[in-house]
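Chain by chain, the residues:
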Amino acid sequence: MLRVDHIETAYGASQVLFDVSLRIEEGEVVTLLGRNGMGKTTTVNTIVGVAPPLRGSVVFEGIPIAGTPPHRIARAGIGLVPEGRQIFPNLSVRENLVATANGRGAWNLDAVFELFPALAPLQSRSGNLLSGGEQQMLAIARTLLTNPRLLILDEATEGLAPRLRGEIWRCLRALKARGQSILVIDKDVAALGRIADRHYVLEKGRVVWSGSPQALAAEPEVCRQYLGI
Ligand SMILES: Nc1ncnc2c1ncn2[C@@H]1O[C@H](COP(=O)(O)OP(=O)(O)OP(=O)(O)O)[C@@H](O)[C@H]1O
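None of these values were measured; they are calculated from a predicted model. Every residue gets a number counted from 1 within its own chain, in the order that chain's sequence is written. With pLDDT at 70 or above as the cut-off, local features in this predicted model cover only qualifying residues; side-chain atom pairs require 80 or more to be listed or tallied, and sums for whole chains, interfaces and linings still use all residues.

What about the site of the ligand?
Next up, step 1: In this analysis a residue is considered near a molecule or strand if the C-beta atom, reconstructed from its backbone, is found within 6 Å of that molecule or strand. Around the ligand, a shell composed of Tyr11, Ser14, Val16, Gly34, Asn36, Gly37, Met38, Gly39, Lys40, Thr41 and Thr42 is seen.
Next up, step 2: Secondary structure elements are taken from DSSP: a helix is a run of H or I of four residues or more, a strand is a run of E of two residues or more, and numbering for both begins at the N terminus. The dominant element in the shell around the ligand, judged by the number of residues it contributes, is helix H1 (residues 40-47), at 3 residues.
Next up, step 3: Residues were grouped as follows: Ala, Val, Leu, Ile, Met, Phe, Trp, Tyr, Cys and Pro as nonpolar; Asp, Glu, Lys and Arg as charged; and all remaining residues, including Gly, as polar. Residues that form the shell around the ligand fall into these classes: 3 nonpolar, 7 polar and 1 charged.

Considering the UniProt feature "domain: ABC transporter" (unreviewed entry) in the protein
Next up, step 1: UniProt positions are given in the numbering used here, feature names are shortened, and annotations may be inferred rather than shown by experiment. Here, UniProt's "domain: ABC transporter" (unreviewed entry) annotation points to residues 2-229.
Next up, step 2: Each end of residues 2-229 is marked by a C-alpha atom, and these two atoms are 29 Å apart; helix forms 34% of the span and strand 26%.

Observations concerning the sheet that holds strand E4 (residues 55-60)
Either a parallel or an antiparallel arrangement is found when strands of a sheet pair, and the pairing is made through backbone hydrogen bonds.
Next up, step 1: Overall, antiparallel pairing links the 4 strands, which are arranged E2-E1-E4-E5 in an open sheet. The open sheet has two edge strands, strand E2 (14-24) and strand E5 (63-64), and neither has a second partner.
Next up, step 2: Inspection of the sheet shows strand E1 (residues 2-11) paired to E2 by 7 bridges, in the antiparallel sense. From the neighbouring strand, Val4 faces E2, where its bridge partner is Leu22. Pairing between strands is defined by DSSP: at least two bridges between them are needed.

Examining helix H6 (residues 162-177)
Next up, step 1: Along its 16 residues, H6 runs 23 Å from first to last C-alpha, staying within 8% of the 22 Å computed at 1.5 Å per residue.
Next up, step 2: Once H6 finishes, Gly179 follows within two positions and takes phi at roughly 90 degrees, a positive value. Any helix carries an expected span of 1.5 Å times its number of residues minus one.

Quick notes on the confidence of the model for the protein
Next up, step 1: One number per residue, pLDDT, summarises how confident the predictor is, and it ranges from 0 to 100. Summarising the model, the protein shows a mean pLDDT of 96, and 100% of its residues fall at 70 or more.
Next up, step 2: For this predicted complex, the interface confidence comes out at an ipTM of 0.95, alongside a pTM of 0.96.

Here you go:
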């Protein structure tokens, strides 16, 4: 579904990604792991068109998308739940949800309220009055309403209380069970290992290891050296 091949990405004169390659097959959950500043968000930004690569290719469902503007990539079916959520603070929950909904697939308001029952009674509440967990549910629901073929979450549970983190993992398991393809970044390697098909470990802008959660668990040196666990 997505093939990233040998991408090199820079912010101005500062190159951040070096020869990064990864793939996501239909229905897979794939993760990007690595300590702060290693290039995970930049990899996502390259895929969604915010930081086009200097070299290398990004091919989504057989179509090269590197260099395509972000709104066209979103339309092509890649939905991002960004780090920091970026919900519209002055719009209500319902207005946030319908603002970017496209009605081109199975996701509608009823379906997202079924996935996140806690959001349903908050429909008229202003975005800036939501808790962090409610904001993250809203951010995921809003992206699902664009009916993405590939859902990307950057820092899926960052800053959330344990109970709310559990709620986000429950949601991602439910989405995986529906066949949703997902690329996810999070610091909770154990939780990611329970839902992932494959991990990619980034270190200083390079993929230094990739493999299944079982393979990662068998490599304590990789965990220690690159993930600090
Ligand atoms: N807009 C930018 N302009 C210049 N440098 C940037 C920019 N965004 C990120 N960087 C740099 O690129 C490198 C990789 O950052 P990136 O955000 O991709 O890492 P990350 O692995 O996602 O880390 P984090 O978990 O802290 O977000 C870092 O050295 C960072 O300082």
